[in-house]
Amino acid sequence: MKRIVILGAAESGAGAAVLAKKEGFDVFVSDMSAIKDRYKALLEDHHIAWEEGRHTEELILNASEIIKSPGIPETAPIVQKAKAKGINIISEIEFAGRYTDSKMICITGSNGKTTTTSLIYHIFKQAGYDAGLAGNIGRSLALQVAEDPHEYYIIELSSFQLDNMYDFRADIAILLNITPDHLDRYDGKMQNYVDAKMRILQNQTSHDSFIYWNDDPVIKKELEKYDIKAIQYPFSLLKGNGAIGYIEEGRYVLEEPTPFNMEQEGLSLTGKHNIYNSLAAGLAANISGIKKECIRRSLGDFPGVEHRLEKVCTVRGVQYVNDSKATNVDACWYALESMTTPTILILGGKDKGNDYEPIRELVKEKCTGIVYLGADNTKLHNFFDGLGIPTRDTHSMEECMKACYEMAQPGDTVLLSPCCASFDLFKNMEDRGEQFKTLARNL
């Protein structure tokens, strides 16, 4: 009996363990951190051996194959030792793909992944399609394949997941954009990160589809290096340059595979970045044969994604907007670009090798105040203090919200769009967003 070891026992790891057990493997799960009770219960229910708070080498390095959580870096000692022994290391998505023939619609990009993935899922469900939501959001793909299979899977893929995918194939691959992110995990080299994103194309055939933003300079340069066999569906803000999806004279237009159009004002998502997301989602739905009236209705009634430009409340004439998902500079750029009122911007967290230059002019144009929120705000001070905008230095969400309340004037917007990861002060970006929302509502 082949032995599968899973490193990391959160959503993806626990799900992979259940699928591996179902497929007859000898399964062991190891997590350096404490395992949440719900995942312990899942493992116990399936009689799967596990450990927490350590990696016992003699129980791990005898594996035929290792399934690694995307959150564990390649530099982790146990990963390095496994590689030295020649043990194959894959992702949960790669493993799950071996045991299903379902259609895979896969979305990646530096920004907009969650919104686009959620919108596609919304369209498919509204159309009555049997679809599962998986990857970075939703439930574990492996667990769904094992216990709740679907005809279609809508999968958000991070670069970390793509790193350990080899034979997996996307029936529809969507590449939204590529801008600097996670460079701390890629030796500070942008090309390494780009290469990870481009892996979404691997193994596609002439029967598959590839949707991408036609105007992204990084994507345009990279595509010259690839022999793309899939049918290509480029989208753009404007008609021309081969774009299949675009906006023309206030209308949302898809030329292929069947013509579709609707009033741009009918789209529920606003802002330039959300036009791109809506075009990509519409193309995926159109390719999948969803009826035009359903696409039109779903693009118009999608409620949006939590922690992404989420309007929380208005207090004393000041609107509070939660954009905690903006964990890189480009995401913050899009958020600022959509602001129409004077803005108090909350920045900070665990820096990932950020270059803040791209948002300099927008900050000068849109912001009347900046509140730094992080364990160490030195880099932010060094870059933004010289812009002549009032700043405040804070090290907890309570301090931050007090500063925002004092700085904001009626008619302003307080925008949490931090540019950074959350792990210096918060459990995750959701925790950061929830604290922001709770404190804003209690002002």
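Criteria and thresholds
- Residues numbered from 1 in each chain as written.
- Predicted model: local features only at pLDDT ≥ 70, side-chain atom pairs only at ≥ 80, totals over all residues.
- Heavy atoms only, no water.
- Phe/Tyr/Trp six-rings, centres within 6.5 Å; stacked < 30°, edge-to-face > 60°.
- Buried < 20%, exposed > 50% of the residue type's maximum accessible area, 1.4 Å probe, protein only.
- Lys NZ or Arg CZ within 6 Å of the ring centre and 35° of its normal.
- Helix = DSSP H or I, 4+ residues; strand = E, 2+ residues; numbered from the N terminus.
- Pairing = 2+ DSSP bridges.
- Right-handed = clockwise from strand over helix to strand, strands pointing away.
- Axes fitted to C-alpha atoms, helices over the stretch in contact; angles between N-to-C directions.

*Asks:* Would you mind going over the packing of aromatic side chains with me for this structure?
*Replies:* Given two aromatic rings, one states the distance between the centres and the angle between the planes to describe the pair. One pass over the full model with this rule turns up 13 aromatic pairs. A centroid spacing of 5.9 Å and a plane angle of 90° characterise the contact between Y252 and F260, whose relative ring orientation is edge-to-face. Here the two residues Y252 and F260 agree in accessibility, since each one is buried. Site record: aromatic cluster; members linked through ring pairs are F25, F95 and Y99. Lying over the aromatic face of Y405, R316 brings its terminal NZ or CZ to 4.5 Å of the ring centre.

*Asks:* When you look at the pairing of strand β7 (residues 131–135) in this model, what are you seeing that I'm missing?
*Replies:* On a regular strand, one side chain projects to one face of the sheet and the next to the other, so that they alternate. Taking burial as the measure, the five residues of β7 include five buried ones, the bulk of the element. Strand direction decides the pairing type here: β7 and strand β8 (residues 152–156), joined by five bridges, are parallel. Each bridged residue has a counterpart across the sheet, and for L133 the counterpart in β8 is I154. Taking the sense of rotation as the criterion, the β-α-β connection linking β7, helix α7 (residues 141–147) and β8 turns out right-handed.

*Asks:* Quick question: what am I supposed to make of the sheet that holds strand β11 (residues 231–238) here?
*Replies:* In sheet architecture, strand pairing relies on hydrogen bonds along the backbone and comes in two forms, parallel and antiparallel. Ordered in space as β7-β8-β6-β9-β10-β11-β12-β13-β14, the nine strands form an open sheet in which the pairing is mixed. The outermost strands of the open sheet, each flanked by one partner alone, are β7 and β14 (260–263). On average, each strand axis in the sheet is tilted by 20° relative to the strand beside it, whichever way the strands run. Relative to strand β9 (residues 172–175), strand β6 (residues 103–108) runs parallel, the two being bridged by four bridges. Across the sheet, the residue bridging to I107 is I174, located in β9.

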